Amino acid sequence: MMNWEKLIQTEEYDFLQDNPRLGDRIMLLGLGGSHAYGTSQEGSDIDLRGVTLQLPSDLIGMTRFEQYEDGGTDTVIYGFNKIIRLLLECNPNTCEILGLDENQYLIRSEWGKELIDNRGLFLSKRAIKSFGGYADAQLRRLQNALARDSMAQSEREGHILKSVRNALEDFNRRYGAFEKGSIRLYIDQAENPEMDTEIFVDAHYRHMPLRDYNGMMGVMRSVVSDYDRLGKRNKKKDDAHLNKHAMHLIRLFMMAVDILKRGEIRTHRREDLDLLMQIRQGKFRQGDGAFSPEFYEILDDYEQRLEEAAASTRLPDNPDMEKVEAYVERVNRHVVTGEI
């Protein structure tokens, strides 16, 4: 069994002590990813997630801090103010940090314990949209990967379009018509002989500030990049990756039901590991590579559980912002003045 405390004493984790934003300022540092969920296998990546107090200059001076990332160790440590904003939206990736088992925390200061104790402040019906949105995105990725080899190109393009639909709609809402002109993105029959359909643009603008144009092009590049990325086969999305996507899809539903029905964040899925590991190990894949009807029955069941939990939850529509603000002010006052 991995000795996590010994791991963070190794040289590659020296940044935890050497970086002035970390060290004694770290409130929480815990396991992330499959090691946090209990679904790790031999060779699973090690991810660490945490929270650190801001510097006084971030709060009353000119510096700004959102998060610290170390790509070499897959470590992400959020600034206190940023994680509060994410928690208020019931962001799944950050809720997880507050739902670990005690032995999954590698660093937990008194301020970190207080953040965990206050996790109920952030739970609200916003979890329906946030977890449901993440689950929908996970399902869409899964469907896209499975569809690439089995659908005709035109059908595949239409399927891919669903994945970028929100981005297209947002782009057309913002730029469909404006003072300096208009621009619209849409899908139509391809001019490229190797494709059946593709994204097109109709544009007309005049006397547009270059900075505005550059910003608009940046958004458009992002939409096209997502489209192209989804449209091409990613050889890395092998069976193991697809099974992992499917497992995380069900896990998101499990966590959402816990939050809505019980008001609990349970990151380690101890009671659900048998099912989750069966999915990860490919027990629900067919000979043609598709997922079995049984998997989709499980998915339907958890979608129904989420709907029922959403309808019956006692969580408020939104967090109590007076209590949240009082808590955040108390922590940040300590950062600036040393007072409590």
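Fair warning: this is a prediction, and the values are worked out from it, not measured in the lab.

**So, the overall build of the protein chain**
Check the secondary structure of the protein chain and you find 14 helices and 7 strands. Classification of the 340 residues of the protein chain by burial places 45% in the buried group. Considering only contacts in the protein chain between residues 6 or more positions apart, those separated by 24 or more positions represent 68%.

**Description of the sheet that holds strand β2 (residues 47-52)**
Strand order in the open sheet formed by 5 strands is β3-β4-β2-β1-β5, and the pairing between neighbours is mixed. The strands lining the two open edges of the sheet, one partner per strand, are β3 (67-70) and β5 (105-108). Pairwise comparison of adjacent strand axes, ignoring direction, gives a mean angle of 15° for this sheet. Seen against the sheet, helix α5 (residues 80-88) touches β1 (26-32), β2, β3 and β4 (75-79) and runs at an angle of roughly 90° to β4. Sheet strands in contact with helix α7 (residues 110-117) are β1, β2 and β5, and its direction is about 65° off that of β1.

**As for helix α12 (residues 273-280)**
Buried within α12 we find Leu276, Met277, Ile279 and Arg280. In a view along the axis of α12, the buried residues occupy a sector of 155°, so they form one face of it. Buried-residue contacts for α12 involve α3 (33-37), α11 (239-262) and α13 (293-312).

**Brief notes about the side chain of glutamine 138**
You can see glutamine 138 is positioned in helix α8 (residues 126-147). Setting aside residues up to four positions removed in sequence, glutamine 138 forms contacts with His245, His248 and Leu249.

**Here's the deal with the packing of α7 against helix α14 (residues 321-337)**
Remark: α7 packs on α14, axes separated minimally by 12 Å, with the N-to-C direction vectors making an angle of 175°. Classified by the angle between their axes, α7 and α14 sit roughly antiparallel to one another. Mapping the contact onto sequence places Trp111, Glu114 and Leu115 in α7 and Tyr327, Arg330, Val331 and His334 in α14. Its residues placed into classes, the contact of α7 with α14 shows 4 nonpolar, 1 polar and 2 charged.

**Observations concerning the state of the cysteines**
Overall, the coordinates contain 0 disulfides when judged by the stated rule. Unpaired in terms of disulfides, cysteine 90 finds its nearest cysteine sulfur in cysteine 95, a separation of 5.0 Å. Residue cysteine 90 is classed as buried on the basis of its relative accessible area, which comes to 0%.

**Section: the environment of threonine 73**
Inspection of the secondary structure puts threonine 73 in the loop between β3 and β4. For the pair threonine 73 and isoleucine 46, spaced 27 residues apart in sequence, the C-alpha separation works out to 7.3 Å. Other than its neighbours up to four places away in sequence, threonine 73 contacts Glu12, Tyr13, Phe15 and Ile46. Within the structure, threonine 73 has its side chain in polar contact with the side chain of aspartate 70 (distance 2.7 Å).

**Looking at a negative patch on the surface**
Taken together, the side chains of Asp136, Glu294, Glu297, Asp300, Glu303, Glu307 and Glu308 present a region of like negative charge at the surface. Per-element tally for the negative patch: the top contributor is α13, with 6 residues. Within the element layout of this structure, glutamate 308 appears in helix α13. For glutamate 308, a relative accessible area of 47% corresponds to the partly exposed category.

**As for the pairing of β1**
Most of β1 is tucked away: 7 of the 7 residues are buried. Bridging between β1 and β2 involves 6 bridges; their strand directions are antiparallel. Each bridged residue has a counterpart across the sheet, and for leucine 29 the counterpart in β2 is glycine 50.

**Quick look at the packing of α5 against α14**
Any two packed helices are characterised by how steeply their axes cross, that is the angle between the axes, and by the distance between the axes. The geometry of α5 relative to α14 is characterised by a closest axis approach of 11 Å and an angle of 165° between their N-to-C directions. When the interaxial angle is binned, α5 and α14 end up roughly antiparallel. Crossing angle aside, the handedness with which α5 passes α14 is right-handed. On the side of α5, the interface is formed by Phe80, Asn81, Ile84 and Leu88, while α14 contributes Met321, Val324, Tyr327, Val328, Val331 and Asn332. Classifying every residue of the contact of α5 with α14 gives 8 nonpolar, 2 polar and no charged.

Conventions used here
- Residues numbered from 1 in each chain as written.
- Predicted model: local features only at pLDDT ≥ 70, side-chain atom pairs only at ≥ 80, totals over all residues.
- Heavy atoms only, no water.
- Helix = DSSP H or I, 4+ residues; strand = E, 2+ residues; numbered from the N terminus.
- Buried < 20%, exposed > 50% of the residue type's maximum accessible area, 1.4 Å probe, protein only.
- Contact = heavy atoms within 4.5 Å.
- Pairing = 2+ DSSP bridges.
- Axes fitted to C-alpha atoms, helices over the stretch in contact; angles between N-to-C directions.
- Arc of directions from axis to C-beta.
- Parallel < 35°, antiparallel > 145°, perpendicular 65-115°, else oblique.
- Nonpolar A, V, L, I, M, F, W, Y, C, P; charged D, E, K, R; others polar.
- Disulfide = S-S within 2.5 Å.
- Polar contact = N/O pair within 3.5 Å; in protein donor to acceptor, adjacent residues only side chain to side chain.
- Patch = residues over 30% accessible without salt bridge, like charges linked within 9 Å, V, L, I, M, F, W, Y side chains within 5 Å.
- Areas by Shrake-Rupley, 256 points an atom, 1.4 Å probe, with all protein chains shown as cover.
- Salt bridge = Lys/Arg side-chain N within 4 Å of Asp/Glu carboxyl O.
- Lys, Arg positive; Asp, Glu negative; His and termini not counted.
- Charge placed at Lys NZ, Arg CZ, Asp CG, Glu CD.
- Left-handed = near helix turned anticlockwise from the far one by under 90°.

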